[in-house]
Amino acid sequence: GGARVVPIPYDSPKERLDYLFEHVNGMLFTGGDVYIKNLTSPYMVTANYLMNRVIDANNKGIHFPLWGTCMGIQTLSVLVSQDPSVLLSNKFDSENLMLPLNFTDAAKSSKLFGAKSGIYPSVLDWFSTEPVTTNLHHDGVPPTMFQSNAKLKKFFSVLSVNTDRKGNAFTSTIEAQNYPVYGVQWHPERPQFEWGTDGTNTDPINHDMHAISCSQYVANFYIAEARKNNNRFPSLKEETAALIYNYDLHGDTYYQVYLF
């Protein structure tokens, strides 16, 4: 979407976390396979600290977005609820599963998909009718948790719900009601950037024009949110030193990672 990445290692000292937070324009809680049901682990303590900094910045009038992808939406759900039981582990059969989004009524008035979002009607239609979202998860948060847990219900609106191969329902898209905080159980980055057979003769990821267009919409939407604040590093030297280009990229066309 036109942005560059500044990695924020979860084991950074608080002073480093504050320095990076104050000089970037948005935050991403990534996918992955960290055990996030322990609220006192170093990873979750840092994630909670950064999420609260996001909320505090917005309360002070600084538009600062936070996005969670896959494990990221799960992290947001656990942190906001302060209840690890909202996340079901190894419940879902959703690896290498391409799905359309089953929108809820809340999507119509949402910042992400609503009339004021700027989304093209054709892109919205592709989201809801074609297999354009890549699912790669075995954990998830059932949509019922966003009704039964008072903290989740107060903070988030559920924009879409999907089912796995066995018919188990999981929450696939959420957005905060009063903050620029968004979460998706699917992977917007995969159709654009990852190809591979995953041990079979068929690439499990949809790379057609409609899937790419939907992914590009998400990127453009989120970076437009990040452009709404003027945070920047005090010098080009400090900015360059913080960028992810300082780290080595490993992997192949199916899965690439940075190692810190």
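The text that follows walks through the structure, step by step, so that each part is easy to find. (Residues numbered from 1 in each chain as written. Predicted model: local features only at pLDDT ≥ 70, side-chain atom pairs only at ≥ 80, totals over all residues. Heavy atoms only, no water.)

### Remarks on the overall build of the chain
Of the regular secondary structure elements, the chain holds nine helices and ten strands. Taken over the C-alpha trace, the chain has a radius of gyration of 18 Å; the compact-globule value for 260 residues is 18 Å, and the two agree within 12%. Dimensions of the chain, computed from C-alpha atoms along their principal axes, come out at roughly 50 × 45 × 35 Å. Of all intrachain contacts in the chain linking residues separated by at least 6 positions in sequence, the fraction that spans at least 24 positions is 74%. Roughly 13,000 Å² of accessible area belongs to the chain as shown, and the carbon and sulfur atoms make up 53% of that amount. Computed over 20 positive and 25 negative side-chain charges, the inter-centroid distance for the chain is 9 Å. (Helix = DSSP H or I, 4+ residues; strand = E, 2+ residues; numbered from the N terminus. Rg over C-alpha atoms; globule rule 2.2 N^0.38 Å. Contact = heavy atoms within 4.5 Å. Areas by Shrake-Rupley, 256 points an atom, 1.4 Å probe, with all protein chains shown as cover. Lys, Arg positive; Asp, Glu negative; His and termini not counted. Charge placed at Lys NZ, Arg CZ, Asp CG, Glu CD.)

### Brief notes about the nonpolar core
Most often, soluble globular proteins keep nonpolar side chains buried together rather than apart. Within the largest apolar cluster, 41 residues are counted, with the highest numbers of intra-cluster contacts made by Phe29, Met51, Leu66, Phe155, Phe156 and Val181. Ranked by residues supplied to this core, first place goes to helix H2 (residues 42-59) with eight residues. Ranked by size, the runner-up nonpolar core spans 21 residues in total, among them Phe127, Leu159, Cys214 and Tyr222. (Core = buried A, V, L, I, M, F, W, Y, C linked by side-chain atoms within 4.5 Å. Buried < 20%, exposed > 50% of the residue type's maximum accessible area, 1.4 Å probe, protein only.)

### A few points about the packing of aromatic side chains
Two numbers describe a pair of aromatic rings. These are the distance of the centres and the angle of the planes. Tallied over the entire structure, the rule returns 15 aromatic pairs. Taking the centre distance of 5.3 Å and the plane angle of 90° together, the rings of Tyr182 and Phe221 count as edge-to-face. Of this pair, Tyr182 sits in strand E8 (residues 181-184) while Phe221 is found in helix H8 (residues 209-226), placing the two residues 39 residues apart along the sequence. With relative accessibility at 0%, the residue Tyr182 sits in the buried group. (Phe/Tyr/Trp six-rings, centres within 6.5 Å; stacked < 30°, edge-to-face > 60°.)

### Points about the packing of H2 against helix H3 (residues 71-81)
Contact pair H2 / H3: the axes reach a minimum separation of 10 Å and the direction vectors enclose 80°. As judged from the angle between their axes, H2 and H3 are roughly perpendicular. Residues Tyr43, Met44, Ala47, Asn48 and Met51 of H2 touch H3, and the partners they reach there are Met71, Thr75, Leu76, Val78, Leu79 and Val80. Of the residues contributing to the contact of H2 with H3, the split by class is nine nonpolar, two polar and no charged. (Axes fitted to C-alpha atoms, helices over the stretch in contact; angles between N-to-C directions. Parallel < 35°, antiparallel > 145°, perpendicular 65-115°, else oblique. Nonpolar A, V, L, I, M, F, W, Y, C, P; charged D, E, K, R; others polar.)

### Looking at the sheet that holds strand E4 (residues 102-103)
Paired through their backbone hydrogen bonds, the strands of a sheet run either parallel or antiparallel. Pairing in this open sheet of six strands is mixed, and the strands run E1-E2-E8-E7-E6-E4 from one edge to the other. Pairing within the sheet leaves two strands with one partner each, and these edge strands are strand E1 (27-29) and E4. With two bridges joining them, E4 and strand E6 (residues 156-163) adopt antiparallel strand pairing. Along E6, the bridge assignment pairs Asn102 with Val161. (Pairing = 2+ DSSP bridges.)

### Things to note about the packing of helix H1 (residues 14-21) against H2
The contact between H1 and H2 brings their axes to 11 Å, and the two run at 40°. In terms of orientation, H1 and H2 fall into the oblique class. For the pair H1 and H2, the sense of crossing is right-handed. Between H1, through Lys14, Leu17, Asp18 and Phe21, and H2, the contact on the second element is made entirely by Thr46, Tyr49, Leu50, Arg53, Val54 and Ala57. Considered class by class, the residues forming the contact of H1 with H2 number six nonpolar, one polar and three charged. (Left-handed = near helix turned anticlockwise from the far one by under 90°.)

### Focus: the pattern of salt bridges
Any two side chains of opposite charge can pair, on the condition that their charged atoms come close. Using the criterion set out here, one finds ten salt bridges in the structure. Two residues, Asp18 and Arg53, come together in a salt bridge whose shortest N-O distance is 3.0 Å. Residue Asp18 is located in helix H1, and its partner Arg53 is located in helix H2; the two are separated by 35 residues in the primary sequence. A relative accessible area of 13% places Asp18 in the buried class. (Salt bridge = Lys/Arg side-chain N within 4 Å of Asp/Glu carboxyl O.)

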